[in-house]
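# Working through the structure, step by step
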Amino acid sequence: MTTSISPTVWLSSAGFVATAVSFGPARMGFGLFLPTFRDVFALSTTQAGLIASLGFLAFFAALPVTAWLDARAGQRVPVMIGAASAAFGFLVVATAATGAALGAGVALAGASAGFCWVPFNDAAERVVPVDARPGALSVVSTGTTVGVAAAGALFLGVAYGATDWRAAWTGFAVAGLAAAVIAGRGVPRGRAAEGAGDPIPVSGRPALLRRAVVPLYAAALCFGASNAVFLSFAADHVVARGGLVGVPDRAAAAVIFLSYGVCGIVGLATGWIEARLGLRRLLGLLFAAFAASLALIAWRPSAWGAVLLAAGLHGAAVMTISALLSFWSLRLFPGRGSLGFTAALVGVAAGSVGGPILAGSVADAAGLTWAFLGTAGLPLAAAAVFSAGAVGRRT
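Here the structure is a predicted model, which is why all the values come from computation and not from measurement. (Residues numbered from 1 in each chain as written. Predicted model: local features only at pLDDT ≥ 70, side-chain atom pairs only at ≥ 80, totals over all residues. Heavy atoms only, no water.)

Let us look at the nonpolar core. Counting 106 residues, the largest nonpolar core has Phe30, Phe33, Phe37, Leu102, Trp169 and Phe287 as its most contacted members. Looking at which element gives the most residues to this core, the answer is helix α9 (residues 214-240), with 15 residues. What leucine 102 contacts, discounting residues up to four positions off in sequence, is Phe30, Phe37, Phe41, Leu43, Ile51, Val93 and Ala96. Counting residues in hydrophobic clusters, the runner-up holds 13 residues, among them Leu11, Phe120, Val128 and Ala136. (Core = buried A, V, L, I, M, F, W, Y, C linked by side-chain atoms within 4.5 Å. Buried < 20%, exposed > 50% of the residue type's maximum accessible area, 1.4 Å probe, protein only. Helix = DSSP H or I, 4+ residues; strand = E, 2+ residues; numbered from the N terminus. Contact = heavy atoms within 4.5 Å.)

This is the structure in structure tokens:
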């Protein structure tokens, strides 16, 4: 009986599936399948970087639309739009005959990430009891790791000839439709009552632009650039340098994304880790992990240990900083948590757009090794700045 399932379980399930689709194959599928796309569509590294950036640009463009829809129509509408966008984008990729069509499909799918994450914070305030919210939102965020790992496993089937890449992307489209259906049942309809869950008067709400929030936006920008470059080019670089011993060249991409997804489970412990290390030290460690992962992929793309460590470090850092940005923004923007989180995600999106374009240009001129090493300098600098005390105690 559906009446026996609580709103908390429905919302958690809807969020799990939505983030699995929108932050799994929709956001990361292009980088995973890039070696195949290179052959099928004769893509240069610059063209690949441009297409990757189109997906991240669509994510960027969807964020303000999501905020507008959330305020006027509630949370269900943007989540269902995001799931439908993912499904349609996957289908466009699956049937693409040209690089332009491929880019259009990647952009449509990429937009789903901008629609499918932020609304769950507001929805949880509406239907989930206070003491159950951390667990419910942890289930939502964990969907990403499962989505990435599932996409990696499916690509492994493609690499070994068990299925065709177009069939795989058609399967992603079916998952997108399932996410839309579940969102239609699990995400509450309409808007919350005026003032519900918002105890801070408008006059007392903190501004989006002030000195205290600069570290949040800087961390988001650096995270976006580092992650986008890794996702867009890591698998391509490993394959181009001979792959991994014992597996087909194409299977190397699946190995990377499986390790990335599995190690991302660490993100569930973000609150516990931050409470013990503090925000400043945790940020320093996370950006050091980003720098190390990029450097390892640059220097040792054919070594099993280095590739697994690079992907694992990157996946763990991504999931941890994703959760960290969420509750850090709540601290900085009490009473405007969703708006503050959206502002942080704009920073992530900006870095995600610029990173692959710049890295692709460097790669065409000097090779992917230098593109990765150059990108690694950004999180390395961030690690030094945050470790030196860029974040105040009160944030």
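Inspection of the entire model under this criterion finds 1 salt bridge. Among the salt bridges present, the one from aspartate 236 reaches arginine 38, with a minimum N-O distance of 2.5 Å. Of the two residues, aspartate 236 sits in helix α9 while arginine 38 sits in helix α2 (residues 25-41), which places them 198 residues apart along the sequence. In terms of burial, aspartate 236 and arginine 38 fall into one category: buried. (Salt bridge = Lys/Arg side-chain N within 4 Å of Asp/Glu carboxyl O.)

When you line up the elements, serine 232 lands in helix α9. Classification of serine 232 by relative accessible area gives buried; the value is 3%. Reaching out from serine 232, the side chain makes a polar contact with the backbone oxygen of alanine 228 at a distance of 2.7 Å. Among residues more than four places away in sequence, those in contact with serine 232 are Gly31, Leu34, Ala52, Phe56 and Pro356. (Polar contact = N/O pair within 3.5 Å; in protein donor to acceptor, adjacent residues only side chain to side chain.)

For residues with low pLDDT, the predicted coordinates do not support detailed interpretation. Within the chain, residue pLDDT values average 86, and 92% of them lie at 70 or more. Looking across the chain, the model is least confident in helix α6 (residues 119-127), with a mean pLDDT of 81, and most confident in helix α4 (residues 76-94), with 96. (pLDDT = per-residue confidence, 0-100.)

Helical periodicity: at 3.6 residues per turn, an α-helix aligns residues three or four positions apart in one direction. Taking 1.5 Å per residue as the helical rise, helix α3 (residues 45-73) with its 29 residues ought to reach 42 Å, and the 41 Å between its terminal C-alpha atoms agrees with that figure. Largest kink in α3: about 25°, centred on leucine 63, with the proline proline 64 one to four residues after it. (Expected span 1.5 Å × (residues − 1). Bend = angle between axes of the 7 residues up to and from the residue.)

Within the secondary structure, serine 322 sits in helix α13 (residues 304-332). Among the residues examined, serine 322 registers a relative accessible area of 11% and is labelled buried. A distance of 2.7 Å separates a polar side-chain atom of serine 322 from the backbone oxygen of valine 318. Not counting residues up to four positions away in its chain, the partners in contact with serine 322 are Trp117 and Phe223.

With that settled, the discussion passes to the packing of α4 against helix α5 (residues 99-115). Working note: a packed helix pair is described by the angle between its axes plus the distance between those axes. Running from N to C, α4 and α5 cross one another at 160°; their axes reach a closest spacing of 7 Å. Comparing the axis directions of α4 and α5 gives the class roughly antiparallel. Note on packing geometry: the crossing formed by α4 with α5 is left-handed. Residues Pro78, Val79, Ile81, Gly82, Ser85, Ala86, Phe88, Gly89, Phe90, Val92 and Val93 of α4 lie in contact with α5, whose contacting residues are Ala101, Leu102, Gly105, Val106, Leu108, Ala109, Ala111, Ser112 and Phe115. (Axes fitted to C-alpha atoms, helices over the stretch in contact; angles between N-to-C directions. Parallel < 35°, antiparallel > 145°, perpendicular 65-115°, else oblique. Left-handed = near helix turned anticlockwise from the far one by under 90°.)

With that settled, consider the packing of aromatic side chains. The description of two aromatic rings rests on the distance between their centres and on the angle between their planes. A complete count under the given rule lists 19 aromatic pairs for this structure. Geometrically, the ring pair formed by phenylalanine 23 and tryptophan 117 is edge-to-face, given 5.2 Å between the ring centres and 75° between the ring planes. Taken together, the positions of phenylalanine 23 in the loop between α1 (7-22) and α2 and tryptophan 117 in the loop between α5 and α6 put the pair 94 residues apart, joining distant regions of the chain. Here phenylalanine 23 and tryptophan 117 have matching classes, each one buried. By the ring-pair criterion, three or more aromatic residues cluster together here, those being Phe30, Phe33, Phe37, Phe41, Phe90, Phe155, Trp165, Trp169 and Phe172. Over the ring of phenylalanine 59 we find arginine 27, and its NZ or CZ is 4.6 Å from the ring centre. (Phe/Tyr/Trp six-rings, centres within 6.5 Å; stacked < 30°, edge-to-face > 60°. Lys NZ or Arg CZ within 6 Å of the ring centre and 35° of its normal.)

Turning next to the environment of serine 226. Structurally, the position occupied by serine 226 is in helix α9. Among the residues examined, serine 226 registers a relative accessible area of 0% and is labelled buried. Separated by 120 residues in sequence, serine 226 and valine 106 have C-alpha atoms that sit 19 Å apart. Setting aside its immediate chain neighbours within four residues, serine 226 contacts Phe290, Leu294, His314, Thr375 and Pro379.

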